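# Summary of the model geometry
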Amino acid sequence: MKKKDFNSRLVYSTDLGRICPDCNQPSKACICKKTKAHTNLEKEEKITVERSTKGRKGKGVTLIKGLALEGPALKALAKQLKQKCSTGGTVKNNVIELQGNHREVLVGFLKSLGHKAVKAGG
């Protein structure tokens with residue numbers, strides 16, 4: 001097996017959510033035994049959804065931190081969240097920023113996708 005083929009596997013799908021590294025099935029339908037790699041993958045992701053106005057002249061934004069996604073997968077999730085909230089936003093330093101306060105909607109939506117999201121702040 002070529003090194004390129006070995007390193008190219010599906011890690012996350014917007015349709016299925018997190019993918020098990022051993023059996024390549026969705027985490028909810030995992031057919032393999034629980035391994036250390038599988039349990040570490042679940043513990044790794046602690047998503048916080050918080051509101052911030054710092055450095056934005058009083059304009060509030062919702063920040064989503066702690067996602068275990070990178071690159072195109074993170075941008076695809078950000079696009080999906082922006083469509084869900086009907087608002088603008090961006091991805092900076094692996095943090096998704098959405099305009100406005102949408103914490104309740106986003107926490108529920110991320111949980112429906114299989115992530116462990118919590119609302120941070122008051």
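This one's a predicted model, so the numbers in the text were calculated from it and none came from an experiment. (Residues numbered from 1 in each chain as written. Predicted model: local features only at pLDDT ≥ 70, side-chain atom pairs only at ≥ 80, totals over all residues. Heavy atoms only, no water.)

### Comments concerning helix 3 (residues 72-85)
With 14 residues, helix 3 should cover 20 Å at 1.5 Å per step; its first-to-last C-alpha distance of 20 Å lies within 8% of that length. Looking at helix 3, one finds that the buried residues are Leu-74, Leu-77, Ala-78, Leu-81 and Cys-85. Buried positions in helix 3, seen along its axis, are confined to an arc of 105 degrees and lie on one side of it. The outward face of helix 3, more than 90 degrees from its buried face, is lined by the exposed residues Pro-72, Lys-75 and Gln-83. Phi for Ser-86, located one or two positions after helix 3, is positive at around 55 degrees. (Helix = DSSP H or I, 4+ residues; strand = E, 2+ residues; numbered from the N terminus. Expected span 1.5 Å × (residues − 1). Buried < 20%, exposed > 50% of the residue type's maximum accessible area, 1.4 Å probe, protein only. Arc of directions from axis to C-beta.)

### Describing the pattern of salt bridges
Within this structure, the stated rule accounts for 3 salt bridges. Salt-bridge contacts for Glu-97 lead to Arg-56; the nearest nitrogen and oxygen are separated by 3.4 Å. You can see Glu-97 sitting in strand 6 (residues 95-99) and its partner Arg-56 sitting in the loop between strand 3 (47-52) and strand 4 (61-65), a full 41 residues away along the chain. When the shortest N-O distance is used, the salt bridge between Glu-104 and Lys-119 registers 3.1 Å. Residue Glu-104 is located in helix 4 (residues 103-112), and its partner Lys-119 is located in strand 7 (residues 117-119); the two are separated by 15 residues in the primary sequence. (Salt bridge = Lys/Arg side-chain N within 4 Å of Asp/Glu carboxyl O.)

### Considering the pairing of strand 6
Counting buried positions over the 5 residues of strand 6 gives 4, a clear majority of the element. Between strand 5 (residues 89-92) and the antiparallel strand that follows it, strand 6, lie 2 residues; Asn-93 among them carries a positive phi value of about 50 degrees. (Pairing = 2+ DSSP bridges.)

### Comments concerning the confidence of the model for the protein
Residues shown with low pLDDT carry predicted positions that ought not to be read at fine detail. Taken over all residues, the pLDDT of the protein has a mean of 78, while the share at 70 or more is 72%. A low-confidence stretch, residues 35-41 stays under pLDDT 50, and its non-local contacts, those more than four residues away or across chains, total 8 contacts. (pLDDT = per-residue confidence, 0-100. Contact = heavy atoms within 4.5 Å.)

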